[in-house]
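A structural walkthrough
Read off the chains here:
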Amino acid sequence: MLNESTLIAAVQSGDKDAFSALYEQYVKQIYTFIYYKTHHKETAEDITSLAFMKAYNNFTTFDPAKGPFSAWLYRIARNCVVDHYRAKKPVSMDIEDMWDLDIANNEDVLRDVHNRLVFEDVQKYMRELSAEQREVITMRIWGELSFKEIAEALGKSEGSCKMMFGRTIAKLREQMPLTMFIAFFLGGKLF
Amino acid sequence: MQKNIKDLLDELYTIDPSLQEHEATLIRLVEKIIAAKPDTRFDRAFAEQLKTELLAQPLRVNDTRTSFFTWPKSVLAVAGSAFAVVLVVAVVVNQTNPGLHSVVTLEKGAFGSLAGAQTGSPAFGQGGGAPLGSREAMSSMPASPSPMNASDSAVGATGAGKMMIAAPYYGYTFVYKGDAISLTENEVPVYRRLKPMSGRTDLVGALSSVRFGGMNIGSFGGGLTSFDIADDSTDGYMINVNLREGIVSINQNWQTWYSPTEQHAPLAASDVPADEKLLAISESFLRDHGVDMSGYGAPSVEQNWRQYGQPMPLAETKMAEQQIYVPDSISVIYPTKINDQEVVDTGGTKTGLRVSIDIRKNKVSNVWPIQDTRYESSAYAAETDSARIIKLAEQGMNYGYYGDAKGRKEVTFGTPSRVLVQQYVYNEKLSVSTELFVPALSFPVLNPPNEYFYPKTIIVPLAKELLDTPMYGGGPIRTMEATIDKPMVK
C-alpha cells in the first residue's frame, strides 16, 4: 500500500488508479461527515458526489506543503454543505448546516430515531454557538479530525482551534444536563 | 474496558476532571450509546457508481512546463485616478522549452460516445472552420466554392434519407482501384486537444475597484474568459486571446491597414507571389513572434482560389465570361500533426494553423488558431471489415449522390493512406460540441472527371462507432431526380 503522499503525486501526474485508492480511503469518511451535517441520505450522497467531483477536477491545485490532504478534502466537503444550505434559504438567513434549520420539522433528522431526543435538546444549545464554534465542535467530535486538520480546513491556527474547542465544550458542559452532554460528546466520537 | 472507551473518557476527564467520580455511570452510558449508534446508511453501490463516474472524466495533470497559456503569477494594476485603474496582464511564453507538443493517454472510451458526430464544423460545415460563435470564423472563412463543385456545406450533414434540392451536381459512381486493404487493429486512438483550465477568477477580484459605466463589475462572480489586444500603429494587429478555448487569433487591425475610402483595382493572378515567397513571409512572421510549431507538419500554400475562380464555360452557363477571382489574401496551411499523422477535414483538406497573407501588402494579415498542441488520446473500437470501408468509400461519403444513372460519371480512387479526420461530437445533455481527431483512411481520387470536381480524397473514419451512426451508415444525401443531370444555371 503506497503512502498518501506518493498517491497524491501519482494522481497529479495523471494516475487514475492512485486517485481510486485515495477515494477508497476517504469516501466513507467524507460521506459520514456530510451526513452528520445533513441527516439526509440522498442529500449527503449528492453533496458527497459534488465534493469529490470538485476534488477530482481540481486535484492539481492541492499543494501538500500547505497542509494535509484530508483537511483539503474536508474543506471542499464543508464548503459544498454550506453552499447547499445557502442555496436553499434566503440570503438573509445564515445557514451553515442543518443546525440552523428547524430540526423539529426536519423529518430527515427525526428519521434518525435514536438521536431524536438528543438532537431536539442539543439543537437549542448548538444554535447558541457561533457557526465557527459549531464547526470546530462537530469536526472534532463528529468528524474526528485532529486540531491540526481542523485548523487547515478553517484557515486558522491550531492553537486557536484548541482554545475554541475547550471553551465551547466548557460552555456546553455548563449549560447542558450531564447526561445530554455525555451523549453529545461521546455520541459523536463513537459514531 | 475497551481501549476506545477509555481514550474517550480520558479526553472527557481532561475537559472536566469532576466527571471521574461518575465513571461507572459513564461506562453504562457509553455502552448504551454504542448500542444506539445511528445508521448513516452509507451505500457501497453509491460509492462505486460515483467512482466510476469520476474516473470516466479526464484527470488533469500537473504540467510544470510553461506554455503559451501559463497564467501570470502577478497582476499589475496601475492607478491613475479613481476611473483610470488599468489592468495589465502579461502572458508568459517559455522560450527555453523547445516544444509543447505531447499526447496523454486516457482510458478507453474516455471521450464518451461518438454517436453524436457531425461532419465538418458545427456552424459552417467546412472542415477546419472556427469554433462556433468565434469572431475568427468570419475572418478566416475560405472562399465559397463554385456551385459546380461538391463541398461539405452543400452536403449539410443533415442525416440519411432526407431529400434536398441539390446544387448543380452530376452523379458520380466511385470505384476503388487500389490495393487490398488489411485492417488488423481492434482499437484506434481518438485524440482530443487539451484545453486550459477555465474558471479563473483572479482578475474579477482585481477589477472589483473599477467601475465600468458606473457599475461595479466586481459585484459579479465568474472569471475572465477572453480579451483583446489592439495595436493601433500602421498595419497593426488585433490579437484575441480566448482563455476558455486556449486559442489566440491574430487579425489585421482594419483601421490601421486601409482607409475606408481607399479603392483597389481587382487583383490578377499575376499579382499573387510565388509559393516560395508566401512561405517565406509566413515562416518569418511565426518565427519573429515565437509561435511553437512542433505540433504541425510541412506547410503548403492553399490553391483553392485557382479552382473556385475559374470561369464557367459559356456553352453551359450562357452567361457572360466571368473574371477569374483572385482573393485579397492567400493562406498558408500548417497541417496539425498528432503522433506523426496529419489532420484533415472530412473533405480531405489539411487543417491546422492558417496564416493568411495580404497580397497587396505582402504581409501576414491573419493567423488562426494559435494554440497548445497537447492532446489526450483514448482507444475506441476499430472497424476491421475492409470490405465495409471500401463500400462506404464507393458511396462517396460526402460526395456521393444517387439518382438517375444516366449522366453519372465514374470516379476512381486508389490505395488509401492513414490520416486523422477532424470530427465534432455533440453532447445533447451538456449542449457541448467536442472536437475530436479520429483515425481514418484517405483514398486519393485518381481521375477527377472534370476540372470542377472538388474532392481530392475520400475520407472514411476507422472508429466503428462513428461508422454505425446514421451519418455514415445511412448513406449519403439523396438528391431530387430532376436536378441530377443538368446544372441549375441556364
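Residues numbered from 1 in each chain as written. Chains lettered and ligands numbered in written order. Predicted model: local features only at pLDDT ≥ 70, side-chain atom pairs only at ≥ 80, totals over all residues. Heavy atoms only, no water.

So, the overall build of chain A
Each helix and strand counted, chain A has ten helices and zero strands in total. The burial tally for chain A puts 57% of its 191 residues in the buried class. Element-wise, carbon and sulfur atoms account for 50% of the exposed surface of chain A, whose accessible area totals about 8200 Å². (Helix = DSSP H or I, 4+ residues; strand = E, 2+ residues; numbered from the N terminus. Buried < 20%, exposed > 50% of the residue type's maximum accessible area, 1.4 Å probe, protein only. Areas by Shrake-Rupley, 256 points an atom, 1.4 Å probe, with all protein chains shown as cover.)

Thoughts on the overall build of chain B
Check the secondary structure of chain B and you find 13 helices and 24 strands. Among the 490 residues that make up chain B, the fraction classed as buried is 43%. If you take every contact in chain B between residues at least 6 apart in sequence, the share linking residues at least 24 apart comes to 71%. Accessible area for chain B stands at about 24600 Å²; split by element, carbon and sulfur atoms hold 54% of it. (Contact = heavy atoms within 4.5 Å.)

Describing the packing of aromatic side chains
Within the structure shown, the criterion is met by 22 aromatic pairs over all chains. Seen from their ring centres, A:Y26 and A:F69 are 5.4 Å apart, and the 65° between their planes marks the pair as edge-to-face. Here the residue A:Y26 occupies a position in helix 2 (residues 16–38), and A:F69 occupies one in helix 4 (residues 69–88), the gap between them amounting to 43 residues. Taking 5.4 Å as the distance between ring centres and 45° as the angle between the ring planes, the aromatic pair formed by B:Y176 and B:F413 counts as tilted. Here the residue B:Y176 occupies a position in strand 6 (residues 172–176), and B:F413 occupies one in strand 20 (residues 409–413), the gap between them amounting to 237 residues. We note that B:Y176, like B:F413, is buried. Every member of this aromatic cluster is reached through a ring pair, and the members are A:F19, A:Y23, A:Y26, A:F52, A:Y56, A:F59, A:F62, A:F69 and A:W72. Here B:K363 stacks its cationic end above the ring of B:W257, 5.4 Å away from the centre of that ring. (Phe/Tyr/Trp six-rings, centres within 6.5 Å; stacked < 30°, edge-to-face > 60°. Lys NZ or Arg CZ within 6 Å of the ring centre and 35° of its normal.)

As for the nonpolar core
Grouped burial of nonpolar side chains is what soluble globular proteins tend to show. A:F52 and A:F69 are the most contacted members of the largest nonpolar core, which totals 54 residues. Within the residue set of this core, elements represented by two or more residues are helix 1 (4–12), helix 2, helix 3 (41–57), helix 4, helix 7 (131–141), helix 8 (147–154) and helix 9 (158–175) of chain A together with helix 3 (44–55) of chain B. With twelve residues, helix 2 of chain A is the single largest residue contributor to this core. Setting aside residues up to four positions removed in sequence, A:F69 forms contacts with A:E4, A:I8, A:L22, A:Y26, A:F59 and A:F62. One finds B:L114, B:Y172, B:F174 and B:F443 within the second-largest nonpolar core, a separate group that totals 36 residues. (Core = buried A, V, L, I, M, F, W, Y, C linked by side-chain atoms within 4.5 Å.)

Focus: the sheet that holds strand 14 (residues 329–335) of chain B
All names here are of chain B. Across the sheet, seven strands lie side by side as 10-11-12-18-17-14-13; this open sheet has antiparallel pairing. Unpaired on one side and paired on the other, strand 10 (226–230) and strand 13 (300–301) mark the two borders of the sheet. In terms of strand pairing, strand 13 meets strand 14 through two bridges, oriented antiparallel. Of the residues in strand 14, the one forming a bridge with V301 is V332. Strands in contact with helix 8 (residues 275–288) are strand 11 (237–242), strand 12 (247–252), strand 13, strand 14, strand 17 (352–358) and strand 18 (363–371); relative to strand 14, the strand with the most contacts, it is inclined by about 65°. (Pairing = 2+ DSSP bridges. Axes fitted to C-alpha atoms, helices over the stretch in contact; angles between N-to-C directions.)

Description of the pairing of strand 17 of chain B
Residues and elements named next belong to chain B. Most of strand 17 sits out of view: seven of its seven residues are buried. As paired strands, strand 14 and strand 17 are joined by seven bridges and run antiparallel to one another. Residue pairing for strand 17: I333 is matched across the bridge by R354. By the bridge criterion, five bridges tie strand 17 to strand 18 in an arrangement that is antiparallel. The residue bridging D358 from the neighbouring strand is K363, located in strand 18.

What about the packing of helix 7 of chain A against helix 8 of chain A?
All names here are of chain A. Orientation of helix 7 relative to helix 8, taken along the N-to-C sense of each, is 140°, at an axis distance of 10 Å. Here helix 7 is positioned oblique relative to helix 8, judged by the angle of their axes. By crossing handedness, the relation of helix 7 to helix 8 is classed as right-handed. Between helix 7 and helix 8, the residues in contact are E135, V136, M139 and R140 and F147, I150, A153 and L154, respectively. For the contact of helix 7 with helix 8, the per-class residue count stands at six nonpolar, no polar and two charged. (Parallel < 35°, antiparallel > 145°, perpendicular 65-115°, else oblique. Left-handed = near helix turned anticlockwise from the far one by under 90°. Nonpolar A, V, L, I, M, F, W, Y, C, P; charged D, E, K, R; others polar.)

Looking at the confidence of the model for chain B
Residues and elements named next belong to chain B. Looking at chain B, pLDDT values average 71 and 61% of them are 70 or higher. Note that residues 474–490 has pLDDT below 50 and, in this model, 59 contacts with residues that lie over four places away or in other chains. Complex prediction metrics read pTM 0.50 and ipTM 0.76. (pLDDT = per-residue confidence, 0-100.)

As for a nonpolar patch on the surface
All names here are of chain B. There is a patch of nonpolar side chains on the surface, built from F212, M215, I217 and F220 and spanning about 360 Å² of accessible area. Position of F212 among the secondary structure elements: in strand 8 (residues 211–212). The class for F212 is partly exposed, based on a relative accessible area of 42%. (Patch = residues over 30% accessible without salt bridge, like charges linked within 9 Å, V, L, I, M, F, W, Y side chains within 5 Å. Salt bridge = Lys/Arg side-chain N within 4 Å of Asp/Glu carboxyl O.)

Section: the confidence of the model for chain A
Detail in the predicted coordinates should be disregarded across regions flagged by low pLDDT. Mean pLDDT over chain A works out to 75, with 70% of the residues at or above the 70 mark. Least confident of the elements in chain A is helix 5 (residues 107–111) of chain A, whose mean pLDDT is 52; most confident is helix 3 of chain A, at 92.

Focus on the pattern of salt bridges
Residues and elements named next belong to chain B. Scanning the model with the defined rule gives 20 salt bridges over all chains in all. Residues R418 and E185 are paired through a salt bridge, measuring 2.9 Å at the closest nitrogen-oxygen approach. Placement of the pair is R418 in strand 21 (residues 417–427) and E185 in the loop between strand 6 and strand 7 (187–193), with a sequence separation of 233 residues. On the accessibility criterion, R418 (33% relative accessible area) is partly exposed. Exposure remark for E185: the relative accessible area of 34% places this residue in the partly exposed category. R354 serves as the salt-bridge partner of E302, at 2.9 Å between the closest nitrogen and oxygen. On the criterion of sequence distance, the pair formed by E302 in the loop between strand 13 and helix 9 (304–308) and R354 in strand 17 is long-range, its members being 52 residues apart.

A closer look at the side chain of B:D358
Residue and element names in this part refer to chain B. You can see D358 is positioned in strand 17. No salt bridge is formed by the buried D358; the nearest opposite charge belongs to R360, separated by 6.0 Å. One polar contact links the side chain of D358 to the main-chain amide nitrogen of R360, over a distance of 2.9 Å. Excluding residues that lie within four positions of it along the chain, D358 makes contacts with Q252, W257, Y258, D328, S329, K363 and S365. (Lys, Arg positive; Asp, Glu negative; His and termini not counted. Polar contact = N/O pair within 3.5 Å; in protein donor to acceptor, adjacent residues only side chain to side chain.)

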